[in-house]
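# Structural overview
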Number of protein chains: 2
Amino acid sequence: MARRKVTSYDVARKAGVSRTTVSFVLNNVPGARISEETRRRVLKAARELGYFPNAAARSLVSQKTRTIGLVLCQTPDQVFHDAFLPEVLHGISDVMRPAGYRVLVEPVEDVTRPNAYIDLVLEQRIDGLILSGPRSDDAELPQLKEEGFPVILLGQLPGAGFPSVDVDNVEGARIAVEHLISLGHTRIGIITNAPPQYTGSAHRLEGYRLALAAHGIPFDENLVCYGNFTEGSGYRAMNELLGLANPPTAVFVASDLVAFGVLAAIRDRGLLVPRDIAVVGFDDVRMARYVTPPLTTVRLPAYELGQTAAQILVNWLEKGKEPPKLTLLPTELVIRKSCGAIRPQEFLPISG
Amino acid sequence: MARRKVTSYDVARKAGVSRTTVSFVLNNVPGARISEETRRRVLKAARELGYFPNAAARSLVSQKTRTIGLVLCQTPDQVFHDAFLPEVLHGISDVMRPAGYRVLVEPVEDVTRPNAYIDLVLEQRIDGLILSGPRSDDAELPQLKEEGFPVILLGQLPGAGFPSVDVDNVEGARIAVEHLISLGHTRIGIITNAPPQYTGSAHRLEGYRLALAAHGIPFDENLVCYGNFTEGSGYRAMNELLGLANPPTAVFVASDLVAFGVLAAIRDRGLLVPRDIAVVGFDDVRMARYVTPPLTTVRLPAYELGQTAAQILVNWLEKGKEPPKLTLLPTELVIRKSCGAIRPQEFLPISG
DNA sequence: GGCGTGTGATAACACGTGTTAGTAAAACGA
DNA sequence: TCGTTTTACTAACACGTGTTATCACACGCC
């Protein structure tokens, strides 16, 4: 079976030239003077022999692996991360492949453990790194910083000093709440996606405040509840809000998953969405359109996140282009039925 | 910044031995006679210098990359594949990392295009391959077969001659239908997940027939409808069944996604699940538990699929152990409310 | 004829490691 | 004391490629 591999030496012999010439031709080396005749002979020989350069030999001498790492940190909202992994990965891959890079994926369950992923760098397996869900207790990031290794964060980590790509959470939350205000609501609650120490959570809360302030609606501490990634937390938080003397007429839930619990809590009280309470979520998880009623939400551009991070990394590696410290991607409001902007009607199946 | 990398030569010099000795010590070469004293000196020097062997140099000489490829073929049911990607990937990674392998992920949008992914093999970037969602029009599989390259299929491709790991679709469907029968149903419809040429679809249909046959229930052609991956197809198919003179009292839908369309169709007719019609799905997609009513379904062991495929591949690569031609993983019936086995009750949020 | 000058190609080194064959010294047996 | 074996280690090659410095040669010019 596995017959010996064809090397550039074989190509050289078949074409009747030296190995150097083969290398020059196949790599299109700029300064090299090669006659058209020789070039053709080399290309023909390479094609006929089915020559493919050995990646290991190549990276050994060039000191470049043409591979990047995608490290997935296990954060408390792992479900959320997992939901977007395929899209993010596709976005990264769609940029990396044309640029000639491969993607090594490394899920890391515990960043505090020694050698969680840094061996990829130290063994020189990768040229750059995209780190999804960075954590402040990551022991290896400082070391990478010191080495000057190219790292892009997917998500934010204040003070880490690495270029970040993230969603514009403030703006996303703002347009969601603006929408509720435009529908006539003035008493609007918020249930966050996570405890306030998470930057994403803090930013979405800030967007909420901005929208209220822009319309002169006073901020009411009582209308703020904190979720913690799960539907259960949404269920509980919504019950709190419903227990108020003067409950809100609309709720902005900063996470679709949490919003599912919210919907359940409202239903269990015998109330109807959006007739009694309007709900807007955040993320546009796939199932958002299948719950009852279909959830109005803010789309998180997962594919674009991957794409952008990859593009920035490629520019960094290939052109030495300094990456921007922070890139925020725009969101988009997806209006369905839970906000009350659309009259209830028949279910329209997605065709195809 | 990026200071020169520490090589094994540096370690040798610091420890006052030859490079060969360093290699022997760090790799624990069996036959090598090294004194305890020397071994300690080498290990100390390596530690102090922060030595990590260069992966490229290592694979160049050893002809092994200690990397495997995970190729994701774009099949028509891409959404389905994407839904399970995180779990499959974790399963693979959890086996591969302890075994000392990395995972290179390559999404392929078009397997018929030349060099869709075979360059990974030809450039000798990987030692083995896990191919998810294999397709019969894949032009590169035969070439890999001929080369004797280690490939594991995730899913089945009859006649491909590669070892496969898949779910036991026949058995999964059988227990689902058995369950409906045990609840007293005798007029049970089926809506497949895909057209019959897909092996998964054919197998699930076969499990349906087996269950009926085991209980002497005649097979009725009219109760069979074919879905094609989407909710829309489920919506349409269910309407067909509901339009029958004598409609079924229960439906086995061989895909959760399709089942969501089925639930909608039933609801739009003003009927109730499970009171009027019982529904059982297949896959146990994450959102199955959030629809109304929560969907009884057959769990597809995604994590275990990845784990098993990875384990078989590792055994193949490391121990030369011949992989089994076909490994079928057991499924499990997850009973929720859509089948009617559980009395309707309050929503119980998942805590945590 | 000697001398730059550009053209087309190559010899030789470097990359960092695993491994085979071999060696020097020590230990051992008679 | 002199082979013989064992111990502890190393010189040298191989892996397959990119790249620098060099070379042979033809050509035109004074």
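Heads up: these notes are all about the structure in this document. Fair warning: this is a prediction, and the values are worked out from it, not measured in the lab.

### Notes on the side chain of Asp82(A)
- Note that Asp82(A) resides in helix α5 (residues 78-96).
- Salt bridges are absent for the buried Asp82(A), whose nearest opposite-charge side chain, Arg286(B), sits at 8.2 Å.
- If we ignore the near neighbours within four places in the chain, the residues touching Asp82(A) are Pro86(B) and His90(B).

### Focus: the protein's contact with DNA strand D
- Residues in contact with DNA strand D amount to 26 residues; listed here are only the nearest, Ser8(A), Tyr51(A), Ser18(B), Thr21(B) and Thr38(B).
- The side chain of Thr20(B) places a nitrogen or oxygen atom 3.0 Å from a base nitrogen of DNA strand D.
- Between DNA strand D and the protein, one listed contact pairs a phosphate oxygen with a side-chain N or O atom of Thr38(B) at 2.3 Å.
- Looking at the surface near DNA strand D, the elements with two or more residues in it are α2 (19-27) and α4 (55-62) of chain A together with α2 (19-27) and α4 (55-62) of chain B.
- Looking at which element gives the most residues to the surface near DNA strand D, the answer is α2(A), with five residues.
- When its residues are assigned to classes, the surface near DNA strand D shows 11 nonpolar, 12 polar and three charged.

### Considering the sheet that holds strand β8 (residues 250-253) of chain A
Residue and element names in this part refer to chain A.
- The four strands lie next to each other as β7-β6-β8-β9, forming an open sheet whose pairing is parallel. Every other strand in the sheet has two partners, leaving β7 (224-225) and β9 (278-280) as the edge strands with one partner each.
- Examined bridge by bridge, strand β6 (residues 188-191) and β7 share two bridges and lie parallel to one another. In the sheet register, Ile-191 faces β7, and the bridge partner there is Cys-225.

### Re the environment of Leu242(A)
All names here are of chain A.
- For Leu-242, the location among the structural elements is in helix α10 (residues 231-242).
- On the basis of relative accessibility, which here comes to 11%, the residue Leu-242 falls in the buried class.
- Each C-alpha atom, one on Leu-242 and one on Ile-266, is 8.2 Å from the other, the two residues being 24 residues apart in sequence.
- In this structure, Leu-242 is in contact with Pro-247, Ala-265, Ile-266, Arg-269, Leu-271 and Ile-277, ignoring residues within four places of it in sequence.

### Here we look at the packing of aromatic side chains
- Taken as a whole and assessed by the stated rule, the structure comprises 10 aromatic pairs over all chains.
- Relative to Tyr290(B), the ring of Phe260(A) has its centre 5.7 Å away and its plane inclined at 35°; by these criteria the two rings are tilted. Within this pair, whereas Phe260(A) is found in helix α11 (residues 256-268), its partner Tyr290(B) is found in the loop between β9 (278-280) and β10 (297-299), the two belonging to separate chains.
- When the centroid spacing of 5.4 Å and the interplanar angle of 90° are considered together, the rings of Tyr198(B) and Phe229(B) count as edge-to-face. Of this pair, Tyr198(B) sits in the loop between β6 (188-191) and α9 (199-214) while Phe229(B) is found in the loop between β7 (224-225) and α10 (231-242), placing the two residues 31 residues apart along the sequence.
- Since its relative accessible area comes to 31%, Tyr198(B) is described here as partly exposed.
- Lying over the aromatic face of Phe282(A), Arg204(A) brings its terminal NZ or CZ to 3.7 Å of the ring centre.

### Thoughts on the pattern of salt bridges
- Counted according to the given criterion, the structure contains 40 salt bridges over all chains.
- A salt bridge links Arg113(A) to Glu109(A); the nearest nitrogen and oxygen atoms lie 3.6 Å apart.
- Looking at Arg113(A), the relative accessible area reads 30%, which means it is partly exposed.
- Put simply, Asp220(B) and Arg187(B) hold a salt bridge, and the shortest N to O gap is 3.5 Å. Remark: Arg187(B) occurs in the loop between α8 (169-182) and β6 and Asp220(B) occurs in the loop between α9 and β7; sequence separation between them is 33 residues.
- On the basis of relative accessible area, Asp220(B) is assigned to the partly exposed category, the value being 21%.
- Residues joined in a network through salt bridges with shared partners are Lys14(A), Lys44(A) and Glu48(A).

### A closer look at the interface of chain B and chain A
- At the interface, 65 residues of chain B touch 66 residues of chain A.
- Summed over both partners, the interface of chain B with chain A buries about 6,200 Å², with 56% contributed by carbon and sulfur atoms.
- Linking chain B to chain A there are six salt bridges.
- The closest approach of N and O atoms between Arg286(B) and Glu231(A), which form a salt bridge, is 3.3 Å.
- Here chain B and chain A share 17 residue pairs in polar contact (both at pLDDT 80 or more) between them.
- Among the elements of the structure, α4, β1 (67-73), α5 (78-96), β2 (102-108), α6 (119-122), α10 and α11 (256-268) of chain B are those that each provide at least two residues to the side of chain B that touches chain A.
- If one sorts the elements of the side of chain B that touches chain A by residue count, α5(B) sits on top with eight residues.
- Taken together, the residues of the side of chain B that touches chain A sort by class into 31 nonpolar, 16 polar and 18 charged.
- In this sheet, β2(B) lies alongside strand β2 (residues 102-108) of chain A in antiparallel orientation, the contact comprising two bridges. From the neighbouring strand, Leu104(A) faces β2(B), where its bridge partner is Leu104(B).

### Points about the relation of the copies chain B and chain A
- Placing chain B over chain A gives an RMSD of 0.0 Å and needs a rotation angle of 180°, together with 0.0 Å of translation along the axis. The two molecules are tied by a two-fold rotation axis, judged by turn and shift.
- Interface overlap between copies: 100% of the residues of chain B at the interface are likewise at the interface in chain A, consistent with a symmetric, same-surface contact.

### Re the protein's contact with DNA strand C
- Taken together, 27 residues sit near DNA strand C, with Ser18(A), Thr21(A), Thr38(A), Ser8(B) and Arg19(B) positioned nearest.
- Per the 4 Å cut-off to the protein, sugar and phosphate atoms form 56% of the nearby atoms of DNA strand C.
- Between Thr21(A) and DNA strand C, the recorded distance is 2.6 Å, taken from a side-chain N or O atom to a phosphate oxygen.
- Contact distances for DNA strand C include 3.0 Å between a phosphate oxygen and a side-chain N or O atom of Asn27(B).
- Those elements that provide at least two residues to the surface near DNA strand C are α2 and α4 of chain A together with α2 and α4 of chain B.
- No other element matches the five residues that α2(B) contributes to the surface near DNA strand C.
- Residue composition of the surface near DNA strand C, grouped by class: 11 nonpolar, 12 polar and four charged.

Rules and cut-offs
Residues numbered from 1 in each chain as written. Chains lettered and ligands numbered in written order. Predicted model: local features only at pLDDT ≥ 70, side-chain atom pairs only at ≥ 80, totals over all residues. Heavy atoms only, no water. Helix = DSSP H or I, 4+ residues; strand = E, 2+ residues; numbered from the N terminus. Buried < 20%, exposed > 50% of the residue type's maximum accessible area, 1.4 Å probe, protein only. Lys, Arg positive; Asp, Glu negative; His and termini not counted. Salt bridge = Lys/Arg side-chain N within 4 Å of Asp/Glu carboxyl O. Contact = heavy atoms within 4.5 Å. Near = heavy atom within 4 Å. Polar contact = N/O pair within 3.5 Å; in protein donor to acceptor, adjacent residues only side chain to side chain. Nonpolar A, V, L, I, M, F, W, Y, C, P; charged D, E, K, R; others polar. Pairing = 2+ DSSP bridges. Phe/Tyr/Trp six-rings, centres within 6.5 Å; stacked < 30°, edge-to-face > 60°. Lys NZ or Arg CZ within 6 Å of the ring centre and 35° of its normal. Buried area = accessible area lost by both parts, 1.4 Å probe. Least-squares fit on C-alpha atoms with pLDDT ≥ 70 in both.

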